[in-house]
There are 2 protein chains.
Amino acid sequence: MDKLSDICQKLHKLDYKVTPQRRVILRTFMEHATKHLSAEDVYNIVKQKHPDIGLATVYRTLDLLSEIDILHKINFGDGPSRYELCQHKSHHHHHMICLQCGKVEEFDADLLESLEKQLTNKTGFQVVNHQLKFFGYCKKCLQK
Amino acid sequence: MDKLSDICQKLHKLDYKVTPQRRVILRTFMEHATKHLSAEDVYNIVKQKHPDIGLATVYRTLDLLSEIDILHKINFGDGPSRYELCQHKSHHHHHMICLQCGKVEEFDADLLESLEKQLTNKTGFQVVNHQLKFFGYCKKCLQK
DNA sequence: TTTCATGCAAAGGTTTTGCATACGC
DNA sequence: GCGTATGCAAAACCTTTGCATGAAA
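Described in the following lines is the structure provided in the data block. (Residues numbered from 1 in each chain as written. Chains lettered and ligands numbered in written order. Predicted model: local features only at pLDDT ≥ 70, side-chain atom pairs only at ≥ 80, totals over all residues. Heavy atoms only, no water.)

**Things to note about the protein's contact with DNA strand D**
In the vicinity of DNA strand D there are 20 residues, among which Y59(A), T19(B), Q21(B), T57(B) and R60(B) approach most closely. Taken together, the sugar and phosphate atoms account for 66% of what DNA strand D places within 4 Å of the protein. One of the side-chain nitrogen or oxygen atoms of Y59(A) is found 2.6 Å away from a phosphate oxygen of DNA strand D. Put simply, the parts of the chain that give the surface near DNA strand D at least two residues each are helix 4 (55-67) of chain A together with helix 2 (20-31) and helix 4 (55-67) of chain B. (Near = heavy atom within 4 Å. Polar contact = N/O pair within 3.5 Å; in protein donor to acceptor, adjacent residues only side chain to side chain. Helix = DSSP H or I, 4+ residues; strand = E, 2+ residues; numbered from the N terminus.)

**Comments concerning the interface of chain B and chain A**
Contact residues are listed per partner, giving 34 residues for chain B and 34 residues for chain A. Here chain B meets chain A over a buried area of about 3100 Å², counting both sides, of which 72% is carbon and sulfur. For the interface between chain B and chain A, the tally reads eight residue pairs in polar contact (both at pLDDT 80 or more). Elements that contribute at least two residues to the side of chain B that touches chain A include exactly strand 4 (93-98), strand 5 (104-108), helix 5 (113-123), strand 6 (126-137) and helix 6 (139-143) of chain B. In terms of residues, the side of chain B that touches chain A owes the most to one element, strand 6 of chain B, which gives twelve residues. For the side of chain B that touches chain A, a count of residues per class yields 19 nonpolar, ten polar and five charged. (Contact = heavy atoms within 4.5 Å. Buried area = accessible area lost by both parts, 1.4 Å probe. Nonpolar A, V, L, I, M, F, W, Y, C, P; charged D, E, K, R; others polar.)

Structural measurements only, silent on function.
Next up, the structure:
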C-alpha cells in the first residue's frame, strides 16, 4: 500500500523533516506489519542498527506519525500503548484479545457502518473513526 | 439493578472481606452511575467523608471489583484508566469520544451479536465481552 | 543559515509493591 | 486468633519536557 517514499513525501508536504530516525522507525513498522509495537519495542528493534537513538525520539516520532494518520495508537489494557500502520484497511479491522494468554489477533469486518449512521441520527455525534475490541478465549486456549 | 447488599454478598461468597473502604467505594459508583471515574476521582470523592483512606487501597479495590465483574475498566486514551459499574446493560453500551472537547457520551445498541457469531465461526475465538469506541465530534463542537 | 529534530537527563503522571499494623470474620 | 485488607512510603513503569547540540532544508 503506502511505500516508505510516499510517507516521506507526506512528511515533506506537511513541513516535517525527513530524518534518519523517522525513516528507520517507519521501516520498523513496515517490517513488522502484523505486530502491535509499543514504544519500547520500537526502541529495542531500532537500537540494534542505530544505537544512538533516544527513547524520547521514538515517543515523539510515534506521536507525530499518529497525529498525521500514518500510525494508529491503541491501548490493549496491558501496560503501554501500541502502534500499527494505518493502511487503508484499518477502519474495518478489529482486535480479539485472549484473556488467557494475552495474544492479540485481528479480524476484518465492516458491519459498523449502519450502526454509525444510526448513532449520528439519534445523537448528532459525527463519527470519524471507531475502535472495536473483543475479549474472550482464543482457539488454542480453548483446546487446553 | 444490583444493590449494594447484593454486591457485598457476592464479595462474601468469593471469600473477600466486606470492609468499610470497599463499601464506600462501591457507594461512590452508585452515586455517580453516569460518570467514568478514575482511581484519583474515586480517591478524592471518598476522602471527603473518609479522610484516612489510601490511594493504594482505591487501586486495589478497583482491581478487585473489575476482576469479579462488578466494575468495568476502560481507557479512553487520555491519561488514567476509568471505571464504571458493569450492570446488565454494559455489554450493549458503547462510548462516543469527542476529539475536540474530550467529552465522553454513551450510546446503547446491540448490533454486535451477529458479528460475534460470525467471528467465532471463522476464527474459533470465543467472545465473552467487547468494547466499542467511536471517535468523532459531538453536537456542540459541530455547531461552533 | 534558519529552523526544527535529537539525545540526554530530569520530571511528571499513573499504578504497583513491601511491610508493619489493623480489622473482618 | 487467623488471615486478609489497609495505609504509608518507596519503587516501578510509561510518557513528557527542558535544554543544549546537531542536522535537514
